Amino acid sequence: MALGGGTGLSVLLRGLRGYTDNLSAVVTVADDGGSSGRLRKELSVLPPGDFRNCLVAMSDDESLVRDLFQYRFDQGDGLQGHSFGNLFIAAMTNVAGSFERAIHESSRVLAVHGRVLPATMENLSLSAYLEDGSIVHGESNIGEIVSPIDRVMINPEDPDAYPQSVEDIKNAELIVIGPGSLYTSIIPNLLISEIRSSLRVSTAVKIYVCNVAIQRGETDGYSVADHLQAIRDHTSMDIVDYVLVNNVFQHNDIDSDTTLVIDDKISDANVRVIGADLVDSEQPFRHDSAKLAQSIIDMYYDNRKIV
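## Quick word on the packing of helix α1 (residues 6-16) against helix α3 (residues 49-57)
Inference 1: With their axes 8 Å apart at the nearest point, α1 and α3 run at an angle of 15° to one another. Of the possible angle classes, the one that applies to α1 and α3 is roughly parallel. When the axes of α1 and α3 are compared, the crossing they make is right-handed. In this structure, α1 uses Gly 6, Leu 9, Ser 10, Leu 13 and Arg 14 to contact α3, whose residues at the interface are Asp 50, Asn 53, Cys 54 and Ala 57.

Here you go:
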């Protein structure tokens, strides 16, 4: 079971797909930018982009249909900027009668290993309260801010969680939160009270995967401890059992605009921090799917030995 959104979640799923077919992804629905934002506004559908990426990540590798879902139009009045997969999911929502059915049918087309689920079916919007006292509304605007984020809020404040998402959290043996944009992909899911409470009472092994690099406009200057503290400030102290961090840095391959997240050696009785080589050798500011999945599976089995 994985929770998040954006490219980070799809990277994780691509790796975990090789270990199990019983894989669930709970996806944030707060995205309001780009192709997803346009379709959300014009057609009143949940933003399909993160769902598309997760479906593709969990599908068979050598699939022409997978490549088709990721195809993005670079020209055409009204089409430019849209991906085929986003348009397919939006169209299927109307044909099948619901977004849930559209995701189910898309999963069948792509031969997905597992299932992709929304955190909520409600029309969720995100706001950031900044340390300078100002408020920024809209997920796509949060990355453009200058003042540090104090906290984020969702509207409606207490939406109903998608029932199957809650059920899968309760039944999971392993729950992975992240990697991904801290305030716009990860925390929005945790602000849904049913999801948050299900996580807290779950007996699963719960791992937070910290990002390899900071995200401009969201986590400037953040250490591993700062990432964890932000999650705890929005949830509770015992929300995760482990934090998985990258401890291999290829500085020569990083451009000057990228700042890596450094493990500041958290000393905390409530959580155990595990360091590993998690970086993609070609993009050393991102996670490598295979390395990340292997580390998570190793942590899971090590925990079972301890118990």
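## Things to note about the pattern of salt bridges
Between side chains of opposite charge, a pair can form as their charged atoms come close.
Inference 1: Tallied over the full model, the rule gives nine salt bridges.
Inference 2: The shortest N-O distance in the salt bridge between Arg 108 and Glu 105 comes to 2.6 Å. Of this pair, Arg 108 and Glu 105 both sit in helix α6 (residues 99-110), three residues apart, which is roughly one turn of the helix.
Inference 3: Accessibility expressed as a relative area gives 60% for Arg 108, which makes it exposed.

## Overview of α1
Inference 1: Summarising burial for α1: nine of the eleven residues are buried, a large majority.
Inference 2: Those residues of α1 lying buried are Gly 6, Gly 8, Leu 9, Ser 10, Val 11, Leu 12, Leu 13, Gly 15 and Leu 16.

## Points about the sheet that holds strand β5 (residues 135-137)
Inference 1: Pairing in this open sheet of three strands is antiparallel, and the strands run β5-β4-β6 from one edge to the other. Two strands close off the open sheet at either side, each with one partner strand: β5 and β6 (149-155). For this sheet the average axis-to-axis angle between neighbouring strands, irrespective of direction, equals 20°.
Inference 2: Sheet topology note: the strand β4 (residues 125-130)/β6 ladder contains six bridges and is antiparallel. Considered in β6, the bridge of Leu 126 is made with Ile 154.

Basis of the calculations
- Residues numbered from 1 in each chain as written.
- Predicted model: local features only at pLDDT ≥ 70, side-chain atom pairs only at ≥ 80, totals over all residues.
- Heavy atoms only, no water.
- Axes fitted to C-alpha atoms, helices over the stretch in contact; angles between N-to-C directions.
- Helix = DSSP H or I, 4+ residues; strand = E, 2+ residues; numbered from the N terminus.
- Parallel < 35°, antiparallel > 145°, perpendicular 65-115°, else oblique.
- Left-handed = near helix turned anticlockwise from the far one by under 90°.
- Contact = heavy atoms within 4.5 Å.
- Salt bridge = Lys/Arg side-chain N within 4 Å of Asp/Glu carboxyl O.
- Buried < 20%, exposed > 50% of the residue type's maximum accessible area, 1.4 Å probe, protein only.
- Pairing = 2+ DSSP bridges.

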